[in-house]
Amino acid sequence: MRRRVFLAASLALVPWAGQAADATALEAAIGDAVPVEGGIELRVPAVAENGAQVPLAIVADSAMTAEDHVAAIHVFAPGNPTPGVASFHLFPGLARAEVHTRIRVAEEQAILVLAVHANGTVRRASAALKVTRGGCLS
Amino acid sequence: MSTLPGTPRLRIPARAKPGEVIELRMLIDHPMETGLRHDGSAAPPRDLIERLEVRRDGALVFAADLGRGTSPNPYHVVFLRLERSAEITVSWTDARGRIARAAARVAVG
């Protein structure tokens, strides 16, 4: 039950979250691990004109060596109809734990990213985002 | 295996120095229909690319599992470090198993 309590607390940090689906998606991504703030940066525009094309850059601190690398980065938009946006899998052949992409964002919300390191530690970052025109339903 | 319609495009330097960090940009034409969209008429059916894979000389270096949250015309950027010349191959796979591929050679030296 402690984990449930933790997940609820973790999501409480994210405004507009709280649906059971979020907890399920988080649990599927990181299991029992407790995400720690820091060591990862999430860059999004403060205001997105077009919610269907929101640029997003994730930069995690990692040497990307065989022993010490980010193995996965998970992106969540808790206010979207489907909160799990994407999961990226990284291997030591990459120079950096850095991914840029474009995502759909339905409404004003805080985007959450989690980086899972090869040693099992999980780092988190979130960023609030306003959307002029939602990108999921229209 | 049938081919995914849509033109895949890679942008990566043709040459690099050993150990240099180089940027790989990937783009493919695809509607990424969520199946949720409604504009007064019937919603277009769900049609999604679900998997992106990047290989260096056949070895996986990056993969993405994509859901409804990825924008139309999926765009991804990652950074590679090459110690020797390599063939970079990228594949996009949709929910029906159709695949689009693109490849580029980087000469290192």
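Whatever comes next refers back to the structure up there.
Since this is a predicted model, take the numbers as computed values, not measurements.

What to know about the environment of I40 of chain A
All names here are of chain A. Inspection of the secondary structure assignment puts I40 in strand 2 (residues 40-43). Sequence spacing of I40 and L114 is 74 residues, and the spatial spacing of their C-alpha atoms is 8.1 Å. When near neighbours in sequence (up to four residues on either side) are disregarded, I40 contacts I58, V59, A60, V113, L114, A115, R123, R124 and A125.

Looking at the packing of aromatic side chains
Applying the stated criterion to the full structure yields one aromatic pair over all chains. The interplanar angle of 25° and the centroid separation of 5.7 Å between the aromatic rings of F88 of chain A and F62 of chain B together place this pair among those described as stacked. Of this pair, F88 of chain A sits in strand 6 (residues 84-90) while F62 of chain B is found in strand 5 (residues 59-66), placing the two residues in two different chains. With a relative accessible area of 1%, F88 of chain A lands in the buried category. Judged by relative accessible area, which is 0%, F62 of chain B ranks as buried. Against the face of F79 of chain B rests R96 of chain A, its NZ or CZ located 4.5 Å from the ring centre. Note that R102 of chain A overlies the ring of Y75 of chain B, its terminal NZ or CZ placed 4.1 Å from the centroid.

Concerning the side chain of H76 of chain B
Of note, H76 of chain B is situated in strand 6 (residues 75-81). Judged by its relative accessible area of 1%, H76 of chain B falls in the buried class. Within the structure, the side chain of H76 of chain B is placed 3.3 Å from the side chain of T101 of chain A, a separation counted as a polar contact. In contact with H76 of chain B, not counting residues within four places along its chain, are F88, H100 and T101 of chain A together with L24, R25, M26, L52, L66 and T70 of chain B.

Observations concerning the sheet that holds strand 6 of chain B
Spatially, 2(A)-4(A)-7(A)-6(B)-3(B)-1(B) is the arrangement adopted by the six strands of the open sheet, whose pairing is antiparallel. Pairing within the sheet leaves two strands with one partner each, and these edge strands are strand 2 of chain A together with strand 1 (8-11) of chain B. Across the sheet, the mean angle from the axis of one strand to that of its neighbour is 15°, orientation sign disregarded. Summarising the sheet, strand 7 (residues 97-103) of chain A and strand 6 of chain B pair through two bridges and their orientation is antiparallel. Following the sheet pairing, T101 of chain A is matched in strand 6 of chain B by H76 of chain B.

Cut-offs and rules
Residues numbered from 1 in each chain as written. Chains lettered and ligands numbered in written order. Predicted model: local features only at pLDDT ≥ 70, side-chain atom pairs only at ≥ 80, totals over all residues. Heavy atoms only, no water. Helix = DSSP H or I, 4+ residues; strand = E, 2+ residues; numbered from the N terminus. Contact = heavy atoms within 4.5 Å. Phe/Tyr/Trp six-rings, centres within 6.5 Å; stacked < 30°, edge-to-face > 60°. Buried < 20%, exposed > 50% of the residue type's maximum accessible area, 1.4 Å probe, protein only. Lys NZ or Arg CZ within 6 Å of the ring centre and 35° of its normal. Polar contact = N/O pair within 3.5 Å; in protein donor to acceptor, adjacent residues only side chain to side chain. Pairing = 2+ DSSP bridges. Axes fitted to C-alpha atoms, helices over the stretch in contact; angles between N-to-C directions.

Interpretation note: all reported values are geometric properties and have no functional meaning in isolation.
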